[in-house]
Amino acid sequence: MNKYCAYVYLFLLCFYLSLKINAQECTSGLQWKEVVYGMDEEWYGSEEAVRVAENVLLYQCDVGGWPKNKPMHMVLSKDEKEGLQKLKQFGKGTATIDNGATVNELIFLSKVYHKTKGPRYKDAFLKGINYLFEAQYENGGWPQFYPLEEGDYSTHITFNDNAMVNVMSVMKSIAENDGSFSIELDDTTISNARKAFDKGIDLILKTQYKQNGELTAWCAQYDEHTLLPAKARTYELPSLSGNESVGIVLILIGIDHPSLEVVNAVQAAVTWFDKVKIEGIRIERYNNAEGKREKRIVKDKGAPTLWARFYELKDNRPFFCDRDGIKRYSLTEIGRERRAGYGWYDDDPKEIFKEYKVWQPKWAPGENVLDEKLEDSCIASDDDKKQFDELCLLDWEIAFSDNCTGDWKDKWLLDGKVGYVENSENGMALYTGPKPKISANDIVLWTKQSFSGDLMIDYDYIRIDDRDRSVNIIYIEATGSGKGEYGKNIQEWINLREFPAMPVYYNNMNTLHISYAAFTKEGDYIRARRYRPDLNQKLEGTELGAAYNTGFFDTGVRHHITIIKKGYKLYMKVVNDEQSALYIWNYKNHPEIFEGPIGLRHKCVSAAIYKNFVVRRLSDKNRNRD
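Residues numbered from 1 in each chain as written. Predicted model: local features only at pLDDT ≥ 70, side-chain atom pairs only at ≥ 80, totals over all residues. Heavy atoms only, no water.

**Considering the layout of surface pockets**
Considered as a void within the structure, the largest pocket measures approximately 1,200 Å³ in volume. Going through the elements one at a time, β2 (210-211), β3 (214-215), α10 (260-276) and β20 (472-480) are the ones with two or more residues in the lining of the largest pocket. When residues in the lining of the largest pocket are grouped by element, the largest group, 10 residues, is from α10. Grouping the amino acids of the lining of the largest pocket by side-chain chemistry returns 13 nonpolar, 15 polar and 16 charged. (1 Å grid on protein atoms, 1.4 Å probe; cavity = no way out; pocket = protein on both sides within 12 Å on 5 of 7 lines; lining within 4 Å. Points joined across faces, edges and corners; volume = space filled by probe spheres on them. Helix = DSSP H or I, 4+ residues; strand = E, 2+ residues; numbered from the N terminus. Nonpolar A, V, L, I, M, F, W, Y, C, P; charged D, E, K, R; others polar.)

**As for helix α13 (residues 382-392)**
Considered for burial, the residues of α13 that qualify are Asp-384, Gln-387, Phe-388 and Leu-391. Angularly, the buried residues of α13 cover 105° about the axis, an arc narrow enough to put them on a single face. The exposed set on the far side of α13, more than 90 degrees from its buried face, consists of Asp-382 and Lys-386. Close packing links the buried residues of α13 with β13 (396-402), β19 (455-463), β24 (558-566), β25 (569-575) and β26 (580-586). (Buried < 20%, exposed > 50% of the residue type's maximum accessible area, 1.4 Å probe, protein only. Arc of directions from axis to C-beta. Contact = heavy atoms within 4.5 Å.)

**With respect to unusual backbone geometry**
The residue after Tyr-146, namely Pro-147, is reached through a cis peptide bond having omega 5°. Mapping Pro-147 onto the fold places it in the loop between α6 (119-135) and β1 (157-158). Its identity is not glycine, yet His-257 carries a phi of approximately 50°, on the positive side. With respect to the helices and strands, His-257 occurs in the loop between α9 (244-253) and α10.

**A look at the side chain of Lys-569**
Residue placement: Lys-569 occurs in strand β25. Under the relative-accessibility criterion, Lys-569 is labelled buried at 1%. Within the structure, Lys-569 has its side chain in polar contact with the side chain of Tyr-571 (distance 3.4 Å). (Polar contact = N/O pair within 3.5 Å; in protein donor to acceptor, adjacent residues only side chain to side chain.)

**A short note on the confidence of the model for the chain**
Taken residue by residue, the chain gives an average pLDDT of 90. The fraction at 70 or more is 91%. This model gives residues 373-377 a pLDDT under 50, and the stretch forms 18 contacts once residues within four places in sequence are excluded. (pLDDT = per-residue confidence, 0-100.)

**A look at the nonpolar core**
Ranked by size, the top nonpolar core spans 106 residues in total, and within it Phe-108, Trp-142 and Trp-218 carry the most contacts. For Phe-108, the residues in contact, after removing those within four places along its chain, are Trp-32, Val-35, Val-36, Trp-43, Tyr-44, Ala-49, Val-52, Ala-53 and Val-56. Within the second largest apolar cluster, 42 residues are counted, among which are Tyr-461, Ile-474, Ala-528 and Leu-600. (Core = buried A, V, L, I, M, F, W, Y, C linked by side-chain atoms within 4.5 Å.)

**A few points about empty space enclosed by the protein**
Scanning the model with the defined rule gives 3 cavities of 30 Å³ or more in all. Within this model, the largest cavity holds a volume of roughly 50 Å³. Forming the boundary of the largest cavity are Asn-160, Cys-219, Ala-220, Gln-221, Ala-230, Glu-236, Leu-237, Pro-238, Ser-239, Phe-310 and Tyr-342. Of the residues assigned to the lining of the largest cavity, the class counts are 7 nonpolar, 3 polar and 1 charged.

**Quick look at helix α5 (residues 103-116)**
Its 14 residues place the ends of α5 20 Å apart at the C-alpha level, agreeing with the 20 Å of an ideal helix rising 1.5 Å per residue. Counting buried residues in α5 gives 10 out of 14 residues, a clear majority hidden from the surface. Regarding α5, the residues found buried are Val-103, Asn-104, Glu-105, Leu-106, Ile-107, Phe-108, Leu-109, Ser-110, Val-112 and Tyr-113. In the core, the buried residues of α5 are packed alongside α2 (32-37), α3 (47-59), α6 and α7 (163-176). Lys-117, located one to two residues past α5, shows a positive phi value of around 60°. (Expected span 1.5 Å × (residues − 1).)

**Quick look at the state of the cysteines**
A full pass over the atoms with the stated rule returns 0 disulfides. Here Cys-219 stays unpaired: no disulfide links it, and the sulfur of Cys-321, its closest cysteine neighbor, is 15 Å away. (Disulfide = S-S within 2.5 Å.)

Next up, the structure:
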C-alpha cells in the first residue's frame, strides 16, 4: 500500500468510526420509549438499530416477555451481555407488561425487521406474542407479571399505567391485520389474537364499576379471582381511576360496529368523566427553599379542566394517599415525596371527549350524553322531533303483533282478580273494578313475550271511562329486583300480584313507566318514571318529568300512540284527528332498562280499548350501530 492509499484508508476508517460513534450518541441521550417510537423510519435499518435490536434479544426472557424500565438501547459491556444471557431463564418476577414492557420491545423488533428482515427478530417477536397469549387469564385479564409470583399485587388484573390496554392494542392490531406490524402472521395467530381481544373486552365490561346501580369508570387493579377492585402499592388503594379509565374508554371507542353493551359502557363512562371533572385549579410545580421539587394547587378560573387520579368508589370524592396507606382529601396532607413524585391530577380524559364527538353521532345517534338538552324533560324540541322521525325510519323488525280482536289469553297474562279483559271486533277492552282508591281493583295486562334492547311500540287507544280520577300506565321491559321471592322473571311471581297494588311493582321491579290518560281535578298529565327497587325509596327519585294539561284522551276519541325506547331516551308520540304531540324523557342518571315484557296497567275505575298492538325491534345491522 503506498503512502497516499494509506492516508485515504486512515481517513475513511476515522470517518466510519465517527459515524458509528455519532449514531450511538444520537440514542444515548434518549429514553428507551423515544428510541422505540421517535426515530425516523430509515433509522430502524441502520447499524445502530441492529445493535440495539441485539440488546433487545438479550433482554428477552426465555418465557418470551421482557423486563421493565431497562434502557435497552445503551451499549452493553461484555460482562453485561454475559450476565443477561444467564438471567434469561429467570422469567418469574422479571417478564412483565408493566410500564410498557414487552409491548415496546415488540414494536421495536417489528420496525427493525421491516428494514432488515433479520429472521431472529421475527422469531423473538412471535415468541413475545405467544407470551402475551399465555399470560392472559381465562377471564380475559392480564396480570402485571407473568409467570405469576404469588403473594403480592403483581397477580392482579392490571389496568394501572395502561398495562392491559397496551396489550389489547397489540391484540387488536393483529386481529384486524391492520399493518401495524411488519411481520406476517399466520391464521392461527390472528385467530388467537382476536379471541384474546374479545375476552379482554368481556373482562372490561364485567369490571366497569357500578356505583349505586349506575355504571361509572374502572379501577386500576382488580382481584383476578373475584373481579373486585384491589389494592396495589400502599398509596394505590381501590378507587375509580381518572387516569387508567381513559385508555379503556379509548379502546372501546375504537371498536368498529360496537355491541349495545360496549355502547352503553362508553356512554356511562363519558357521563362519569363529565360528572367528576375538576375546574378552576391548576397544578404548580416549583422548588422549595431547600431546592427540592414541590407541587401545589393554585386557584385559576381560566385553567384547563383536570381530573383526579383516584376517586372514592362510593361517592367520587378525589383522595390522596401517602406511603402509610391512609386516605387524605387534600394534597397538602401528604408528604412532599409522594406529593411531588406522583401524578395526582392530569388532563388526559380530554382525549375521550375529542374522540366522543366523532364516535357518538355514528354509534349512538341522538344520544349525546354531553348535550345539555338531554336533561330530564318532557316536551320535545324541534331537534328531538327530527331525531324521532329519523328513528322511525330505521329498519325495525316486528317482534310481537296482536290486532286485539282474538282471544287475549293467547298472548297476554293478567295481574288482578277483580278487573277483566274482553275482545271484540273493536279491539281489546280493559276494565278495572268499580271501587276507586282500592288497589285490588287495578289490573295489569302483560305480554307473555319478553323483549330486549331498543323497542318501538305502536297501538291504537280509546278511553271509554269518564272519571276525573283515572290513570293508565304502560310498563316497558320489566324485570324483578332479584331479591328474595321477586326473581328477575316476573312471570315466576305472578301469584304475588293477584292484588296488583302499586308498591308491589315500584318496590320490586326494574322498568320504565309512562302514565297517561291520567286525570286529576287540576287536569290531565303525562309522566315517566324509572322504578328503582335498589334504592329502597319507593317512588322517590323515580320521576323523569311531567307534562300537564295535554288536551288528549277525551272519552271516545281514538288516539294512535308510538313509543320508542332508544338507549336512555324514551319518546312517546300521541296523535288524534285534531292534534299531535311528542313527549321525551331521558333517564341517563339511572341504570339502563334492557329487557322484559310490556305491561298495561289500569288504575281503579279506568277503562280503555286497545287495538293493533305491535312491538318492533331494530334489525341486526341497526342494533349493532346503535
